[in-house]
Amino acid sequence: MAASGGSDLVDRMDRRVFLAQGLFLTLAACATSSAPTVGPDGKPLPRVYRITDERAVSYRFLDAMNTLRAAKSLPPVAFDANLNAAAATHSRDMSVQNRPWHFGSDGSSPLLRAQRSGFTGRVLGENISETYETELETLSSWMAQPDTRVVIMDPLATKLGFAWFQEPGGKLWWTMVTGA
């Protein structure tokens, strides 16, 4: 009978430890996080999205874009090394110019940049962005606007160039170019 009483004590202690851990986890989940840092205008400052795995970023974007296209029965796009190079060049150049626009600092157009990079196909469109957002948030923003959505959903597109340039402060300059 004494052995049974000792076991009963251990069971009660185990239950108390289990309940204490549960209470601790519940309280931890209720803890508030720190308030976002705000700028002089009172609006929250953007959180910096640091890109550490470039390959993962590229393929997340490609997969998401092809999922959107498949939902509309459009053919998938595939990366084209020359279009990727043209997109990378333009992303860096937009950072140097400190403005998102479709012309290079030398006056080049998306078509000329693609040709310079060795692309021999037909350039269909280009989307650009200056942001702190992730690649998927950027894709979502582009899909929300008719003029940029049409580039993503172009039924003729089979080739994709996608690149970015990230400044030391975290700002991202995204460029995507579609072709056939």
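Here the structure is a predicted model, which is why all the values come from computation and not from measurement.

A. The arrangement of the sheet that holds strand S4 (residues 172–179) in detail. If you trace the 4 strands from one edge of the open sheet to the other, you get S1-S3-S4-S2, paired in mixed fashion. With one partner strand each, in any of the chains shown, strand S1 (78–79) and strand S2 (123–131) form the two edges of the open sheet. As paired elements, S2 and S4 share 8 bridges and run antiparallel to each other. Among the inter-strand pairings, Asn127 is bridged to a residue of S4, identified as Met176. Contacting S1, S2, strand S3 (159–166) and S4, helix H3 (residues 81–97) crosses the sheet at an angle of about 30° to S3. The strands that helix H5 (residues 135–143) touches are S2, S3 and S4; relative to S2, the one it contacts most, it runs at about 120°.

B. Representation of the pattern of salt bridges within the structure. Taken as a whole and judged by the stated rule, the model has 4 salt bridges. Note that Glu135 is salt-bridged to Arg60, the shortest N-O span being 2.6 Å. Residue Glu135 is located in helix H5, and its partner Arg60 is located in helix H2 (residues 54–71); the two are separated by 75 residues in the primary sequence. For Glu135, a relative accessible area of 2% puts it in the buried group. Residue classification places Arg60 among the partly exposed positions, given a relative accessible area of 36%. Of the charged contacts, one joins Glu126 and Arg113 as a salt bridge, the two residues approaching to 2.8 Å between their closest N and O atoms. Taken as a pair, Glu126 in strand S2 and Arg113 in helix H4 (residues 110–116) lie far apart in primary sequence, 13 residues in all.

C. Focus on the pairing of S3. S3 sits mainly inside the fold: 7 of its 8 residues count as buried. Sheet analysis places S1 next to S3, joined by 2 bridges and oriented parallel. Looking across to S3, one finds that Phe79 is bridged to Leu160. One ladder, built from 8 bridges, connects S3 with S4; its direction is antiparallel. The partner of Phe162 across the bridge, within S4, is Met176.

D. Structural view of H2. Compared with the 26 Å implied by 1.5 Å per residue over 18 residues, the 26 Å span of H2 between its first and last C-alpha is a close match. Along H2, the residues classified as buried are Val57, Ser58, Phe61, Leu62, Met65, Asn66 and Arg69. When H2 is viewed along its axis, its buried side chains cluster within an angular range of 155° and face the same direction. Residues of H2 that are exposed and point more than 90 degrees away from the buried face comprise Thr67 and Ala71. Packing partners of the buried residues in H2 comprise S1, H5, helix H6 (146–152), S3 and S4.

The rules behind the values
Residues numbered from 1 in each chain as written. Predicted model: local features only at pLDDT ≥ 70, side-chain atom pairs only at ≥ 80, totals over all residues. Heavy atoms only, no water. Pairing = 2+ DSSP bridges. Helix = DSSP H or I, 4+ residues; strand = E, 2+ residues; numbered from the N terminus. Contact = heavy atoms within 4.5 Å. Axes fitted to C-alpha atoms, helices over the stretch in contact; angles between N-to-C directions. Salt bridge = Lys/Arg side-chain N within 4 Å of Asp/Glu carboxyl O. Buried < 20%, exposed > 50% of the residue type's maximum accessible area, 1.4 Å probe, protein only. Expected span 1.5 Å × (residues − 1). Arc of directions from axis to C-beta.

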